[in-house]
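Here's the letter readout for the chains.
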Amino acid sequence: MRSGFAKLSLGQGLRLGVAAGSVSLWRTSRWRAPAWTPLGEAAYAPGLDLHGDVAALGQALEQVLPAGQYAGWPLSVVLDDALARLWQVDLPQGATRLADIEAAAALRFQSLYGDAPGLWHSSSAWDARAPFCCAVPRALLAQLTRVAEARKLALIFITPQFARHWNRWHGALKPGAWFGQLQENALTLGVRHAGRLCAVRALPVPQDAGSDWLAQTLAREALLQGVSAPALLQLCGAPPPAWLTPAKAFHCQVFSTPDGEAALSPAARLARSGGLA
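Below: a short report on this structure. Since we're looking at a predicted model, the values are computed, not measured.

Here we take up the sheet that holds strand E9 (residues 178-183). Taken together, 5 strands build an open sheet; the order of strands is E11-E10-E9-E12-E13 and the sheet is mixed. The strands lining the two open edges of the sheet, one partner per strand, are strand E11 (196-204) and strand E13 (251-254). Taken pair by pair, the neighbouring strands of this sheet meet at an average axis angle of 25 degrees, ignoring direction. Relative to E11, strand E10 (residues 186-193) runs antiparallel, the two being bridged by 8 bridges. The partner of Arg192 across the bridge, within E11, is Leu197. Where helix H4 (residues 161-169) meets the sheet, its contacts fall on E9, E10, E11 and strand E12 (232-236), and the angle it forms with E9 comes to roughly 135 degrees. Lying on the sheet, helix H5 (residues 211-225) is in contact with E9, E10, E11, E12 and E13; it crosses E11 at an angle near 130 degrees.

Here it is, written out as structure tokens:
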């Protein structure tokens, strides 16, 4: 990585991917090629307690963001979903106030995860029909904010990968399709019913998972949610070739994946999630 101040041009920014154990920094450019330029990666030993022991992450961030080099640059951060919490909440009947929705979201969070809500910073994409919520450990958020402020960076967003992909692709989903994200050995499903998101489910994927496993998994999740199983799964990621073989009742379709994406590290794929948009 070059030393000294890096000149900021119009349409450029920094994108940081934070995985459980590594970080990856990229320069993005909307108007000039290349659109993506790798700037550095660093490994860290993740602490057992994301709510307090994030010092190792701070050291990795300082390594890829040298003091004085990117002052004034906009920085966007994409987190591994394992570092966050994602959930869906049904609106209380007759609820009209934001406070009512927030209280329902907090209760749902505690029932799902059992964690004290005060340890997490929650944000929501409030939809009158189906609020979608995500939460990040306050200690993790504080560490990211501290390094950005020390480097005089402008934080644009900090978001989990699933939220990033959902925001990018949900408008392209076909009627009746479910949304999926495959990252490493985890499949995160956006279960849809009647054109809206009704559940977010993160599932481990066995190494030998084929098309039969996928179809059975989707059928089981449909039963659990009380909805019809999808005929189409539209997916972000690089699935096994068997998943893309059409079957009579079900098939899987992958959203466009840039060339060489599969060869990137997990943190680098996080950084590039959702493209430049």
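This is not the end of the story, as more comes after the structure.
Moving on, we come to the sheet that holds strand E3 (residues 36-43). Strand order in the open sheet formed by 5 strands is E3-E2-E1-E4-E8, with mixed pairing between adjacent strands. Every other strand in the sheet has two partners, leaving E3 and strand E8 (154-160) as the edge strands with one partner each. In this sheet, adjacent strand axes meet at a mean angle of 20 degrees when their direction is disregarded. Where strand E1 (residues 12-19) meets strand E4 (residues 74-79), 5 bridges bridge the pair, whose relative direction is parallel. Residue pairing in the sheet places Leu16 in a bridge with Val77 of E4. Against the sheet, H4 engages E1, E4 and E8, with an angle of about 95 degrees to E8.

Another aspect to go through is the environment of Ala202. Along the polypeptide, Ala202 turns up in strand E11. Here the alpha-carbon distance between Ala202 and Leu182, two residues 20 residues apart in the chain, equals 9.7 Å. If we skip the residues at most four places from it in the chain, Ala202 touches Leu187 and Thr188.

In most cases, non-glycine residues show a negative phi, while peptide bonds are predominantly trans. Residue Pro34 follows Ala33 across a cis peptide bond; omega there is -5 degrees. Tracing the chain through its elements places Pro34 in the loop between strand E2 (22-29) and E3. You will see that Lys152, though not glycine, has its phi angle at about 60 degrees, which is positive. The topology assignment puts Lys152 in the loop between helix H3 (138-150) and E8. With relative accessibility at 60%, the residue Lys152 sits in the exposed group. The backbone of Ala194 sits at a positive phi, close to 55 degrees, despite the residue not being glycine. The residue Ala194 is located in the loop between E10 and E11 in this model. Residue classification places Ala194 among the exposed positions, given a relative accessible area of 66%.

The next subject is the nonpolar core. One finds Leu14, Leu16, Val18, Val23 and Leu25 to be the most contacted residues of the largest nonpolar core, which totals 25 residues. Put simply, the parts of the chain that give this core at least two residues each are E1, E2, E3, helix H1 (55-64), E4 and H3. Ignoring anything within four residues of it in the chain, the contact list for Leu25 reads Leu14, Arg15, Leu16, Thr37, Pro38, Leu39, Gly40, Val64, Leu65, Tyr70 and Leu75.

Here we come to H1. Of all the positions in H1, only Leu57, Gly58, Ala60, Leu61 and Val64 are classed as buried. The buried residues of H1 occupy one face: seen down the axis, they fall within an arc of 160 degrees. Exposed and facing more than 90 degrees away from the buried side of H1 are Gln59 and Gln63. Here the buried face of H1 lies against E1, E2, E3 and H3.

So, how was this worked out
Residues numbered from 1 in each chain as written. Predicted model: local features only at pLDDT ≥ 70, side-chain atom pairs only at ≥ 80, totals over all residues. Heavy atoms only, no water. Pairing = 2+ DSSP bridges. Helix = DSSP H or I, 4+ residues; strand = E, 2+ residues; numbered from the N terminus. Axes fitted to C-alpha atoms, helices over the stretch in contact; angles between N-to-C directions. Contact = heavy atoms within 4.5 Å. Buried < 20%, exposed > 50% of the residue type's maximum accessible area, 1.4 Å probe, protein only. Core = buried A, V, L, I, M, F, W, Y, C linked by side-chain atoms within 4.5 Å. Arc of directions from axis to C-beta.

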